[in-house]
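Summary of the model geometry
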Amino acid sequence: MEAKIGKFFESVGNFFTGGDQIPWCDSDIVAGCEREVAEAEKGSSDKLKGECIMRLSWALVHSKRPEDVQRGIAMLEASLAGSNSPLQIREKLYLLAVGYYRSGEYSKSRQLVERCLEIAPDWRQALTLKKALEDKITKDGVIGIGIAATAVGLVAGGIAAALSARKK
């Protein structure tokens, strides 16, 4: 019984804090990946450059800074057309979905996650992101309904007060 109560309070806490299981990335890691890309461009193989750019893209879309996230999205969109293997496409679609999730563009993120799951239906990361998206959309809907209900209540209360004052 205590486990059920604990799980309930955890889910309520996550609801109000917006908790998800998508990792965040610090600016130190982004800076390290940028240095790695700069060094790789000094004569390294195309494969190594590509791996460094993917690590930088990962760091950018997981960053807490919105400008980093947008940069990561732009890099991934530019590189997606050049991807030939389903694994590369899946990875880039997933990272794009994370970027759009972090940017608050949930419908775009959801579309990209669905495309990931078409390639790999049991991919745990994509399933986790899909769940986080669904939770966020539900939470935003509940909050929107609450705001609308409050507004309607205030208007109705104002009208009732005006009518009762008018009768006196």
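Structure: above.
Each chain carries its own residue numbering, running from 1 in the written order of its sequence. Residues qualify for local features only when their pLDDT is at least 70, as the model is predicted, and side-chain atom pairs are given and counted only at 80 or more; totals for whole chains, interfaces and linings, by contrast, use all residues. Based on all heavy atoms of the structure, the side-chain values leave hydrogens and waters out of the count.

Looking at the packing of helix α2 (residues 27-40) against helix α3 (residues 46-61)
- Every axis corresponds to a line fitted to the C-alpha atoms, with the helix fit spanning only the stretch in contact, and the corresponding angles, defined between N-to-C directions, vary from 0 to 180 degrees. Only DSSP runs of H or I reaching four residues or more are called helices, and only runs of E reaching two or more are called strands; each is numbered from the N terminus. Orientation of α2 relative to α3, taken along the N-to-C sense of each, is 160 degrees, at an axis distance of 9 Å. Here α2 lies roughly antiparallel to α3, going by the angle between them. Crossing of α2 against α3: the hand is left-handed. Side by side, α2 and α3 meet where Ile29, Val30, Cys33, Glu34, Glu36, Val37 and Ala40 of the first sit next to Lys49, Cys52, Ile53, Arg55, Leu56, Ala59 and Leu60 of the second.
- Across the contact of α2 with α3, the residue classes tally to 10 nonpolar, no polar and four charged. For classification, angles of less than 35 degrees are called roughly parallel, those exceeding 145 degrees roughly antiparallel, those between 65 and 115 degrees roughly perpendicular, and all remaining angles oblique. Crossing handedness is defined as follows: a turn of the near helix away from the far one that is anticlockwise and smaller than a right angle gives a left-handed crossing, while the clockwise case is right-handed. Contacts are assigned to residue pairs with any non-hydrogen atoms lying within 4.5 Å of each other. Here the nonpolar group is Ala, Val, Leu, Ile, Met, Phe, Trp, Tyr, Cys and Pro; Asp, Glu, Lys and Arg are the charged ones; every other residue, Gly included, is treated as polar.

A look at the packing of helix α5 (residues 86-103) against helix α6 (residues 106-119)
- One can describe the packing of α5 onto α6 by two numbers: an axis separation of 8 Å at closest approach and a directional angle of 160 degrees. By the angle class used here, α5 and α6 are roughly antiparallel. Read as a crossing pair, α5 and α6 show a hand that is left-handed. Judged by residue contacts, Pro86, Ile89, Arg90, Leu93, Tyr94, Leu96, Ala97, Tyr100 and Tyr101 of α5 engage Tyr106, Lys108, Ser109, Leu112, Val113, Arg115, Cys116 and Ile119 from α6.

Overview of helix α4 (residues 66-80)
- Multiplying one less than the number of residues by 1.5 Å gives the expected span of a helix. Under the 1.5 Å per step criterion, the end-to-end length of α4 is 21 Å for 15 residues, consistent within 8% with the ideal 21 Å.
- Contacts from the buried residues of α4 go to α2, α3 and α5.

Topic: the environment of proline 23
- Mapped onto the elements of the fold, proline 23 is located in the loop between α1 (2-17) and α2.
- Distance from proline 23 to serine 63, taken between C-alpha atoms, is 8.9 Å for residues 40 residues apart in sequence.
- Not counting residues within four places of it along the chain, the set of residues in contact with proline 23 comprises Trp58, His62 and Arg102.

What about the packing of aromatic side chains?
- Aromatic pairs are defined between Phe, Tyr and Trp rings, using the six-membered ring for Trp, whenever the two ring centres lie within 6.5 Å; interplanar angles under 30 degrees are classed as stacked, those over 60 as edge-to-face, and all others as tilted. The tally for this structure, following the rule as stated, stands at two aromatic pairs.
- Stacked on the ring of tryptophan 123, the Lys or Arg arginine 90 has its end atom at 3.9 Å from the ring centre.
- Charge-over-ring placement is defined geometrically: NZ (Lys) or CZ (Arg) within 6 Å of the ring centre, and within 35 degrees of the ring normal. Directly above the aromatic system of tryptophan 24 lies the positively charged group of arginine 102, at a separation of 3.6 Å from the ring centroid.

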